[in-house]
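# Fold and geometry: a report
Next come the chains, spelled out residue by residue.
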Amino acid sequence: SPIFPEAYDALTRLRNERSTRLSALQFTYPMMHYVLLALLASSICIVFLMETNQELLIFLSAIQLKILWGMLIGTFSALGVVNYDMVDPFRGRYNVAVSVDQFYTIRESIRATIHMEQEQIRRDKIKAEDLAKKINSTKKEPGNNE
């Protein structure tokens, strides 16, 4: 039956895609990148504080400095939350669980196809047995010259 080679090829492709997906999921964001981002954020904050710690600020008023400081802290906080969220691919906003759901549908479809094929094979066996019984019964009948 041509369904078996096709099913085998589909399973092989599915296995290859699964191994590619798993290797991509197991590759985590390197810890050194987190360290570098933290150093960059802290250095920008320190430079900002050193530059604004002067008695005479020519370009910015106190309100503008507070707004800039709030924006700076908000940006670093948002960046930290995104990086923390990306550490584990199975939780948080950036998760891969949604893309895994399609594989359950594919699995159920394959199971249904296999079940239908098994039912067809069972029906064909029953028909073959019935046909064999008919042939044997016609051979055993008296007066049959075969």
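Keep in mind it's a predicted model, so treat the numbers as computed, not measured.

## Side note on the overall build of the protein
- Scanning the protein from terminus to terminus reveals four helices and zero strands.
- Each helix and strand of the protein, placed in order from N terminus to C terminus, yields the pattern α-α-α-α.
- With 146 residues in all, the protein has 7% of them scored as buried.
- Within the protein, residue pairs in contact and separated by at least 24 positions form 53% of the contacts whose partners lie at least 6 positions apart.
- Surface accessibility of the protein: about 12,500 Å² in total, with carbon and sulfur atoms responsible for 65%.

## Description of a nonpolar patch on the surface
- There is a patch of nonpolar side chains on the surface, built from I63, I67, L68 and M71 and spanning about 390 Å² of accessible area.
- Topologically, M71 is positioned in helix α3 (residues 62-87).

## Let's talk about the pattern of salt bridges
- Evaluation of the coordinates by the stated rule reveals two salt bridges.
- Among the ionic pairs, R111 bridges to E108, the shortest N-O distance being 3.4 Å. Here E108 and R111 lie together in helix α4 (residues 97-140), a separation of three residues that amounts to about one turn.
- Its salt-bridge partner being E119, residue R122 comes within 2.9 Å of it at the nearest N-O pair. Linking R122 with E119, this pair stays in helix α4, spanning three residues, or about one helical turn.
- By relative accessible area, which is 42% here, R122 ends up partly exposed.
- Residue classification places E119 among the partly exposed positions, given a relative accessible area of 25%.

## Topic: the confidence of the model for the protein
- Predicted confidence across the protein gives a mean pLDDT of 78, with 79% of residues reaching 70 or more.
- Within the protein, helix α2 (residues 31-52) has the poorest average pLDDT of any element, 77, and α4 the best, 85.

## As for α3
- Helix length check: α3 (26 residues) gives 38 Å between terminal C-alpha atoms against 38 Å at 1.5 Å per residue, within 8%.
- Buried within α3 we find L65, L72, N83 and D85.

Calculation criteria
- Residues numbered from 1 in each chain as written.
- Predicted model: local features only at pLDDT ≥ 70, side-chain atom pairs only at ≥ 80, totals over all residues.
- Heavy atoms only, no water.
- Helix = DSSP H or I, 4+ residues; strand = E, 2+ residues; numbered from the N terminus.
- Buried < 20%, exposed > 50% of the residue type's maximum accessible area, 1.4 Å probe, protein only.
- Contact = heavy atoms within 4.5 Å.
- Areas by Shrake-Rupley, 256 points an atom, 1.4 Å probe, with all protein chains shown as cover.
- Patch = residues over 30% accessible without salt bridge, like charges linked within 9 Å, V, L, I, M, F, W, Y side chains within 5 Å.
- Salt bridge = Lys/Arg side-chain N within 4 Å of Asp/Glu carboxyl O.
- pLDDT = per-residue confidence, 0-100.
- Expected span 1.5 Å × (residues − 1).

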